[in-house]
Amino acid sequence: MSNGLGLLGLALRAGKLAAGYTAVSEAVHTKRARLICTAADASERVRESARHMPDRCNGLYTDTGFTQEQLGRALGLNACGIVAFLDPGFAWAFAKKLEEKDRERYGALVEALAHRKDRATKRQIKKKQRSRKPGKKPGGNQARGGRSND
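In short, a report on the structure. (Residues numbered from 1 in each chain as written. Predicted model: local features only at pLDDT ≥ 70, side-chain atom pairs only at ≥ 80, totals over all residues. Heavy atoms only, no water.)

## Remarks on the nonpolar core
If you look at the biggest cluster of nonpolar residues, it comprises 39 residues, and the most contacted ones within it are Leu8, Val24, Leu35, Ile36, Phe85 and Phe94. Not counting the four nearest positions on each side in its chain, Leu8 is found in contact with Leu17, Leu71, Ala74, Leu75, Val83, Phe85 and Phe94. (Core = buried A, V, L, I, M, F, W, Y, C linked by side-chain atoms within 4.5 Å. Buried < 20%, exposed > 50% of the residue type's maximum accessible area, 1.4 Å probe, protein only. Contact = heavy atoms within 4.5 Å.)

## A closer look at the packing of helix α1 (residues 5–13) against helix α6 (residues 88–101)
Two numbers describe a pair of packed helices, the interaxial angle and the distance between the axes. As a packed pair, α1 and α6 sit with axes 9 Å apart at the nearest point and diverge in direction by 170°. The angle between the axes of α1 and α6 places the two elements in the roughly antiparallel class. From α1, Leu7, Leu8, Leu10 and Ala11 reach across to α6, where they touch Phe90, Ala93, Phe94 and Lys97. (Axes fitted to C-alpha atoms, helices over the stretch in contact; angles between N-to-C directions. Helix = DSSP H or I, 4+ residues; strand = E, 2+ residues; numbered from the N terminus. Parallel < 35°, antiparallel > 145°, perpendicular 65-115°, else oblique.)

## As for the pairing of strand β4 (residues 82–85)
Both faces of the sheet carry side chains from a regular strand, because those side chains alternate between them. Neither face of β4 is exposed, since Ile82 and Ala84 on one face and Val83 and Phe85 on the opposite face are all buried. Bridge count between strand β1 (residues 17–19) and β4: three bridges; the pairing is antiparallel. Within the sheet, the bridge partner assigned to Leu17 lies in β4 and is Phe85. The pairing of strand β2 (residues 35–38) with β4 spans four bridges and is antiparallel. Pairing of Thr38 across the sheet is with Ile82, part of β4. (Pairing = 2+ DSSP bridges.)

Distances and angles like these do not, on their own, reveal function.
Here it is in structure tokens:
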């Protein structure tokens, strides 16, 4: 499964992938979707809806070129016409696999996702640095009136 389908199953098990129209719609509604992907043989209604989803969640959209059967098999389902990556790292890695097959079609997508992945990584680093400020105790329950385990 070096074509990227293996990443779908891994992302699903990690909780970083929404699979199916209802789950993807929920991820878009809560603004967690980073990359929305449709199967090549998904219905026109699903593909048209997916094309407009990034406007509501600041995500990106692509057609994978895989069939519903191939996407479903990678996820342990019969068929799946639409998925959404919830993590910029997984989205970038999947796009890189797609780019290996067709650089012209997926090259710009990979660049956009790389930029978003880098920004997310920088935010995580800053968040960790803020939580390690001097004078702050790990856990911090005592400062908020929490009970001590002593």
